[in-house]
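# Results of the structural survey
The chain contents come next:
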Amino acid sequence: MPSLASARYGKDNVRVYKVHKDAETGVQTVTEMTVCCLLEGEIETSYTQADNSVVVATDSIKNTIYIKAKEHPVNPPEVYASHLGQHFLDKYAHISAANIKVIVHRWTRMNIDGKPHPHSFFRDGQETRNVEARVTREGIVLKSGIADLTVLKSTGSAFHGFVRDEYTTLAETWDRILSTDVDSTWTWKLFPTVAAVEEGAERFNRAWETARNITMKVFAEDNSASVQATMYKMCEQILAAESEVELTSYSLPNKHYFEIDLSWHKGIKNTGKDAEVYAPQGGPNGLIKCEVRR
Ligand SMILES: O=c1[nH]c(=O)c2[nH]c(=O)[nH]c2[nH]1
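Just so you know, these numbers come straight off a predicted model, no measurement behind them. (Residues numbered from 1 in each chain as written. Predicted model: local features only at pLDDT ≥ 70, side-chain atom pairs only at ≥ 80, totals over all residues. Heavy atoms only, no water.)

Here the focus is the site of the ligand. For the ligand, the full set of nearby residues is Phe159, Leu170, Arg176, Ser226, Val227, Gln228, Asn254 and Ile288. Interatomic distance of 2.9 Å between a side-chain N/O atom of Arg176 and an oxygen atom of the ligand. In the environment of the ligand, a nitrogen atom lies 2.8 Å from a nitrogen or oxygen atom belonging to the side chain of Gln228. (Near = heavy atom within 4 Å. Polar contact = N/O pair within 3.5 Å; in protein donor to acceptor, adjacent residues only side chain to side chain.)

In C-alpha cells form, the structure reads like this:
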C-alpha cells in the first residue's frame, strides 16, 4: 500500500513590483521580486482522496502574496518573507509550514548629470538578492543569499599539486584566469517569531552588504590556490563578521578560459606568459560547493 511520503504546494514565479513614493521629496524607490510560496500541513487527503476542502487554492496564495506586499514593507526581503509565511500559519490551523522564496532583481538608480534621478533605474547585471524562509510554529529559519554575481580575475589564480595519474591530462598552472557566477548563502540562527525578525531588521541589509563585499574582496585579493581554498576563506570571513549567522555556503562554477596555441600562424606566441587571446568555454565547467558551520 503506497503512502504519501511528502507534499507541498503553492504558487511559483509570482512577479511583484512595489514602489515607495516619498511625498516630501518626490523621490521614488522601486523593488521588483519573484516570489514562490509552498505550503505543508494536513493536506494528505487532497492527494489521496481528492478532498479539496483542505486546499487553499494556489490562486488565493498568489493573491495573498500581493496583499502582504501592500500591507508590509518589502525591504528587507527577509522581513516580507517572514510576514507572508506567518500569515498562512495564523490563518489556517491545518497548515504547519510555509516555504517562501523571494528573488529580488536589481533596479539601480540612474545618475543623470551627476545627480541621482528621482524615478529612473537601470538593470546593472543579472545578480539577485535571495531569501528563503521556512516558517513553522517552532519558529522561522531564514537563508539569505546572492546569486548570479558574475566575476572574473585575469591573474592571481593557480591550480597545481592535484592528483596526477593515468586519467590526468590537465597541466599544472601557476597563473590562470578565474571566473565564476557567485551563489552564496548565509543561514541565520532560528528566529522564534516575526517580531524577532523585525527587531533589528537592519542586520539583513548589513549582512548582504558584508557578504557581497567579502566575496569580492577575497576573490580579488586572494592569491588563489583553488576555488575550494578561496571559497572557504569567504565563508570564514562571513561567519566572523556576522555573529547571528550559523552556516555559510558557496556554490561556484569554474568557468574555464582556455589558452589557444596560434603558433601555426607565422609562429605567433600566445601560450604561457605570452597568452593574450583565450577561448571562453560554455560547458563543461567545474562546480565546487561547500557549507561552513560556525
Ligand atoms: O580550483 C580548481 N579546483 C578543482 O578542483 C579543479 N579541477 C580542475 O580541473 N580545475 C580545478 N580548479
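Now for the UniProt feature "active site" (unreviewed entry) in the chain. In this structure's numbering, the residues bearing the UniProt feature "active site" (unreviewed entry) are Lys11, Thr58 and His256. Annotated residues spanning 246 residues; largest pairwise C-alpha distance 41.9 Å, indicating distribution over more than one region. Locating Lys11 in the fold gives a position in strand β1 (residues 9–21). Those residues in contact with Lys11 that lie beyond four places of it in its chain are Val35, Cys36, Cys37, Leu38, Thr58, Asp59, Ile61 and Lys62. With respect to the helices and strands, His256 occurs in the loop between β9 (245–254) and β10 (257–259). (UniProt positions renumbered as here; feature names shortened; annotations may be inferred. Helix = DSSP H or I, 4+ residues; strand = E, 2+ residues; numbered from the N terminus. Contact = heavy atoms within 4.5 Å.)

Before going further, it helps to spend a moment on the pattern of salt bridges. On inspection of all chains with the given rule, the structure shows 16 salt bridges. Note that Glu71 is salt-bridged to Lys68, the shortest N-O span being 2.8 Å. Residue Glu71 and its partner Lys68 are both found in helix α2 (residues 58–71); the two are separated by 3 residues, about one turn of the helix. Between Glu244 and Arg203 there is a salt bridge; the shortest N-O distance is 2.7 Å. Here Glu244 is found in the loop between α6 (227–241) and β9, whereas its partner Arg203 is found in helix α5 (residues 202–221), with 41 residues between them in sequence. This pair shows no difference in class: Glu244 is buried, exactly as Arg203 is. (Salt bridge = Lys/Arg side-chain N within 4 Å of Asp/Glu carboxyl O. Buried < 20%, exposed > 50% of the residue type's maximum accessible area, 1.4 Å probe, protein only.)

Mapped onto the elements of the fold, Gly283 is located in the loop between β11 (278–280) and β12 (286–293). The class for Gly283 is exposed, based on a relative accessible area of 53%. A C-alpha to C-alpha distance of 8.0 Å links Gly283 and Lys255, two positions 28 residues apart in sequence.

Of note, the bond from Asn75 into Pro76 is cis; its omega dihedral lies within 30 degrees of zero at -10°. Within the secondary structure layout, Pro76 lies in the loop between α2 and α3 (77–91). With an omega of 0°, the peptide bond between Gly283 and Pro284 qualifies as cis. Among the secondary structure elements, Pro284 is positioned in the loop between β11 and β12. Its identity as a non-glycine residue notwithstanding, Ala50 has a phi of 50°, on the positive side. Structurally, the position occupied by Ala50 is in the loop between α1 (44–48) and α2. The exposed category is assigned to Ala50, whose relative accessible area is 65%. The phi angle at Lys266 is positive, at roughly 55°, despite the residue not being glycine.

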